[in-house]
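A look at the structure
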Amino acid sequence: MDIYAEIILDHFKNPRQAGLIEHADAIAEDLNPLCGDKVKVSLRIKDGKIAGFGFEGDGCAISVASTSIIGEQLAGLEMEKFLEMSNEEVLEKLGVPISPGRIKCALLGFSCIKKAITVYKHSHA
Ligand code: FES
């Protein structure tokens, strides 16, 4: 098995920050309409920064692993910085090559976190 497949498999089998956090400040759910796979994310936000993250994923290895990999990089990140991030940057951060057919899978967690932060911002504006 190549190193990329191993990274994905490792995060899929042992997702980091698995499980929703209690008393979350922001929560969102998203699904990939192409396959029906789902992800739910929860965030703690403090002083405009991401202070905690947890998720539940019911989906393919790439969607779960990519949410886990992105989640590892969230601590202390300003939510505005996160919202400015492009899909390309996220795919690059994953550090594993993603085939065009799996891009939606790889971005499912990212778009869900974006949704959670956007809703949070609107309710705290
Ligand atoms: Fe459904 Fe990947 S096949 S998110």
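Report on the accompanying structure. Keep in mind that what you see is a predicted model, and the values were worked out from it rather than measured.

Looking now at a nonpolar patch on the surface. Taken together, the side chains of Ile-3, Tyr-4 and Ile-7 make up a nonpolar region of the molecular surface, amounting to roughly 270 Å² of accessible area. Inspection of the secondary structure assignment puts Tyr-4 in helix H1 (residues 3–13). Take Tyr-4: its relative accessible area is 40%, and that puts it in the partly exposed class.

The subject of this paragraph is the sheet that holds strand E1 (residues 26–31). If you trace the 3 strands from one edge of the open sheet to the other, you get E1-E2-E3, paired in antiparallel fashion. Edge strands, defined here as strands with exactly one partner in the open sheet, are E1 and strand E3 (49–58). Strand-to-strand, the axes of this sheet are offset by a mean angle of 15°, without reference to chain direction. When E1 meets strand E2 (residues 38–46), the two strands line up antiparallel, connected through 6 bridges. Across the sheet, Glu-29 pairs through a bridge with Lys-40, a residue of E2.

For Ser-86, the location among the structural elements is in the loop between helix H3 (79–84) and helix H4 (87–94). Judged by its relative accessible area of 25%, Ser-86 falls in the partly exposed class. Along the chain, Ser-86 and Leu-43 lie 43 residues apart, while their C-alpha atoms are 20 Å from each other.

Among the nonpolar cores identified, the biggest contains 35 residues, and Val-41, Leu-43, Phe-82 and Ile-113 are the most heavily contacted of them. Those elements that provide at least two residues to this core are E1, E2, E3, helix H2 (61–72), H3, H4 and helix H5 (103–123). No other element matches the 10 residues that H5 contributes to this core. What Val-41 contacts, discounting residues up to four positions off in sequence, is Leu-20, Ala-26, Ile-27, Ala-28, Phe-53, Gly-54, Phe-55, Cys-112, Ile-113 and Ala-116.

Right, let's talk about H2 for a bit. With 12 residues, H2 ought to run about 16 Å at 1.5 Å a step, and its terminal C-alpha atoms sit 16 Å apart, in line with that. Among the 12 residues that make up H2, 10 are buried, leaving the element largely enclosed by the rest of the structure. Residues Ile-62, Ser-63, Val-64, Ala-65, Ser-66, Thr-67, Ser-68, Ile-69, Ile-70 and Gly-71 constitute the buried set of H2. Taken together, the buried residues of H2 touch H1, E2, E3, H3, H4 and H5.

The rules we used
- Residues numbered from 1 in each chain as written.
- Predicted model: local features only at pLDDT ≥ 70, side-chain atom pairs only at ≥ 80, totals over all residues.
- Heavy atoms only, no water.
- Patch = residues over 30% accessible without salt bridge, like charges linked within 9 Å, V, L, I, M, F, W, Y side chains within 5 Å.
- Areas by Shrake-Rupley, 256 points an atom, 1.4 Å probe, with all protein chains shown as cover.
- Salt bridge = Lys/Arg side-chain N within 4 Å of Asp/Glu carboxyl O.
- Helix = DSSP H or I, 4+ residues; strand = E, 2+ residues; numbered from the N terminus.
- Buried < 20%, exposed > 50% of the residue type's maximum accessible area, 1.4 Å probe, protein only.
- Pairing = 2+ DSSP bridges.
- Axes fitted to C-alpha atoms, helices over the stretch in contact; angles between N-to-C directions.
- Core = buried A, V, L, I, M, F, W, Y, C linked by side-chain atoms within 4.5 Å.
- Contact = heavy atoms within 4.5 Å.
- Expected span 1.5 Å × (residues − 1).

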